[in-house]
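Architecture at a glance
Next come the chains, spelled out residue by residue.
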Amino acid sequence: SVSGFAMLMNEKAQYLGMRHTQFVNPHGLDDEQHYSTARDMAVLTAYALQNDTFQEIVATKVVQVPNPTEKWDHKWYNKNKMLQMYAGADGVKTGYTSWAKRTLVSSATRDGQQLVTVTLNAADDWNDSIALLNYGFNHYKERVIVEEGEPIDRHRVTDRDGQKITIVPEHSFTYPLSEEELATLDKKVNISSELSSELTVGVRVGEIAIMLAGKKIGSVPLITKNMQTEADFSNVWQIW
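One structure accompanies this document, and this report is about it.

**Quick notes on the environment of Pro26**
Along the chain, Pro26 falls in the loop between helix H1 (2-16) and helix H2 (38-48). Residues Pro26 and Val2, 24 residues apart in the sequence, show an inter-C-alpha distance of 7.2 Å. The contact partners of Pro26, leaving out residues within four places of it in the chain, are Val2, Phe5 and Met9.

Next comes the structure, spelled out in C-alpha cells:
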C-alpha cells in the first residue's frame, strides 16, 4: 500500500539521519504532512549516488528506446539543464509543485571529488546551484588525511618467524576540508597495550580516530605489516 511504502521510506530516512523529513507518499507531491529540508535531501542524495544504476540514470542526458508499434524510436531528453550548463555535472533531479516551488538537487564531479547541492524554492536555481558547486570545489578540497600502509608507530616487534613488524593504516581516508577546517584537524592513534612477539601480519591492533574541531568524523583500523627495510621508518608518525 502507499502508506506501507511511505512507512518504509520513513524508516530508511531515520536510518540515514534525515531528522527533519516525513514521507506520506512515494511521488513527492504536496501534502500537509509531507516535508523535508535541503540538508536531508543532500544526505539522501549522497546515499543514493553510491548506487551505480542510480548514478547512471541521473547522469543520462538523452535516452532512445525502440518503439514496438511505429518505425520511429522513442527519445526522451533530461530536463536537468545542469548537465549541459556545468562542466562535470552528473545529476540529479529537478522538481516543482505549487507549494514547494522550484527545487533542484545537483551533483558534479571534478578530479574524483563529487559534490551535491540542494536548492528549495529558488527562482534562480540553475545559477544558485552553479554558485554553490563553484564555492564547494574552490573551498573544500579533497585531502588525504590518512595514507594506506604508511608506518605510524615506532613499535618494532619481532614475530615468531623473526620478521620485523610495524603498524600501518589498513586503508586510506580522504575528506573535503577548507583551509580553516584543516587547522582544527587532529588524529588520535590508539594502539592496543597487548602487543607481543606472538603477533602475525594482518592483525588489527588499534585505530586512528580522525577529529575535526573535537568531533569524530571517521576512523581507520590499524594492522600489522612486515617491515621490509629500515627505510620503512624514514617517515613514521608520532603517537598523539
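Past the structure itself, the notes keep going.
**Let's talk about the environment of Asp90**
Mapped onto the elements of the fold, Asp90 is located in strand E3 (residues 89-97). Along the sequence, Asp90 and Ile57 sit 33 residues apart, while their C-alpha atoms lie 9.4 Å from each other. A polar atom in the side chain of Asp90 sits 2.6 Å from the side chain of Ser107.

**Let's talk about the pattern of salt bridges**
Evaluation of the coordinates by the stated rule reveals six salt bridges. Residue Arg204 pairs with Glu170 through a salt bridge whose shortest N-O separation is 2.8 Å. On the criterion of sequence distance, the pair formed by Arg204 in strand E11 (residues 204-212) and Glu170 in the loop between strand E8 (164-169) and strand E9 (173-177) is long-range, its members being 34 residues apart. For Arg204, a relative accessible area of 57% corresponds to the exposed category. Classification of Glu170 by relative accessible area gives partly exposed; the value is 29%. Ionic pairing is found between Asp186 and Lys188, a salt bridge with its closest N-O pair at 3.3 Å. For Asp186, a relative accessible area of 25% corresponds to the partly exposed category. For Lys188, a relative accessible area of 38% puts it in the partly exposed group.

Conventions we followed
Residues numbered from 1 in each chain as written. Predicted model: local features only at pLDDT ≥ 70, side-chain atom pairs only at ≥ 80, totals over all residues. Heavy atoms only, no water. Helix = DSSP H or I, 4+ residues; strand = E, 2+ residues; numbered from the N terminus. Contact = heavy atoms within 4.5 Å. Polar contact = N/O pair within 3.5 Å; in protein donor to acceptor, adjacent residues only side chain to side chain. Salt bridge = Lys/Arg side-chain N within 4 Å of Asp/Glu carboxyl O. Buried < 20%, exposed > 50% of the residue type's maximum accessible area, 1.4 Å probe, protein only.

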